[in-house]
Amino acid sequence: PPSLSVRRLAYAYPDGTQALFGVDLTIGRGERVALLGPNGAGKTTLVMHLNGILTAGHGTVEVAGLPVGKDTLGEIRRRVGLVFQDPDDQLFMPTVREDVAFGPANLGVRGAELEHRVREALERVGLPDVADRPPHHLSFGQRRRVAVATVLAMRPEILVLDEPSSNLDPASRRELAEVLRSLDVTVLMVTHDLPYALELCERSLILSGGVIAADGPTREILADD
Ligand code: ADP
Ligand code: ADP
């Protein structure tokens, strides 16, 4: 099955605001896709359906064939790795090691396997030597990459990033781009950064007014925009 399959997803908030009007999309394993669209388009609402923060909508969401629903939330939250816009919302332990170990430890991973997961995740984000440091001693760009590592340590099916390039200086931006390009995991990034989308994502989706208004190669999508 594809990493992500969304079918006729519609959602209205309790106050009646209709945020999604029948979204259909499929993301294959290993694809890197940008989710673009103006403020208020429904991007956040869609992302909240991917890991079951919201489940009240009509339609279906499946992650690697598993439907998102009340009975599957534990497994879905392992499969869908959310990287928030602010890394400081994701890093709260005294050391980087403990932050990266937190997710897999919660899943019951212990001992040498846990150590291995932490080392591997930090190597993948290009920060093999920071495990013993407190997160707040790292630069903002490094903290964002550690936040990515905390999610990779769960071995997710799909990595979902909210504005990954925001507030990064040019060097940190390049370092994160290199990391994202080197991963063999499916990636969906919500972004307003069109050059970043063009650089990293073969494919882009434009969400507008709660529907997918365009879906295709990023180069073509941006040319039409
Ligand atoms: P985006 O992430 O693309 O900016 P959102 O998913 O945040 O879009 O919002 C989609 C629509 O839903 C907007 O009209 C927004 O005002 C509305 N909305 C978002 N959150 C809520 C909420 N908690 N209650 C009511 N309406 C909301
Ligand atoms: P983003 O910039 O990440 O898309 P938004 O600015 O759309 O975020 O929303 C920020 C927060 O405000 C979210 O938690 C969203 O649910 C909430 N929100 C957005 N629009 C509304 C609304 N009309 N009523 C209530 N809450 C809203």
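This text goes with the structure placed above it.
Criteria and cut-off values
Residues numbered from 1 in each chain as written. Chains lettered and ligands numbered in written order. Predicted model: local features only at pLDDT ≥ 70, side-chain atom pairs only at ≥ 80, totals over all residues. Heavy atoms only, no water. 1 Å grid on protein atoms, 1.4 Å probe; cavity = no way out; pocket = protein on both sides within 12 Å on 5 of 7 lines; lining within 4 Å. Points joined across faces, edges and corners; volume = space filled by probe spheres on them. Helix = DSSP H or I, 4+ residues; strand = E, 2+ residues; numbered from the N terminus. Nonpolar A, V, L, I, M, F, W, Y, C, P; charged D, E, K, R; others polar. Near = heavy atom within 4 Å. Polar contact = N/O pair within 3.5 Å; in protein donor to acceptor, adjacent residues only side chain to side chain. Phe/Tyr/Trp six-rings, centres within 6.5 Å; stacked < 30°, edge-to-face > 60°. Buried < 20%, exposed > 50% of the residue type's maximum accessible area, 1.4 Å probe, protein only.

Caption draft 1: View of the layout of surface pockets. Each pocket or cavity is described by its volume, and for the largest pocket that value is around 490 Å³. Lining the largest pocket are 20 residues, with Arg77, Gln90, Gly103, Val151 and Met154 positioned closest to its centre. Elements represented by at least two residues in the lining of the largest pocket include exactly α2 (73-79), β6 (80-83), α3 (96-106) and α5 (140-152). Among the elements that make up the lining of the largest pocket, the one with the highest residue count is α3 (four residues). Among the residues making up the lining of the largest pocket, the classes are represented as nine nonpolar, seven polar and four charged.

Caption draft 2: The site of ligand 1, seen in detail. The local shell around ligand 1 consists of Tyr13, Asp15, Thr17, Ala19, Pro38, Asn39, Gly40, Ala41, Gly42, Lys43, Thr44 and Thr45. In this structure, Ala41 approaches ligand 1 through a main-chain N or O atom, which is 3.1 Å from an oxygen atom. Counting residues per element, the shell around ligand 1 draws most heavily on helix α1 (residues 43-50), which supplies three residues. Grouping the amino acids of the shell around ligand 1 by side-chain chemistry returns four nonpolar, six polar and two charged.

Caption draft 3: The arrangement of the packing of aromatic side chains in detail. This model, assessed by the stated rule, comprises two aromatic pairs. Seen from their ring centres, Phe92 and Phe102 are 5.2 Å apart, and the 80° between their planes marks the pair as edge-to-face. One end of the pair, Phe92, is in the loop between β6 and α3; the other, Phe102, is in helix α3, with 10 residues separating them in the sequence. Of the residues examined, Phe92 reaches a relative accessible area of 51% and is grouped as exposed. Of the residues examined, Phe102 reaches a relative accessible area of 38% and is grouped as partly exposed.

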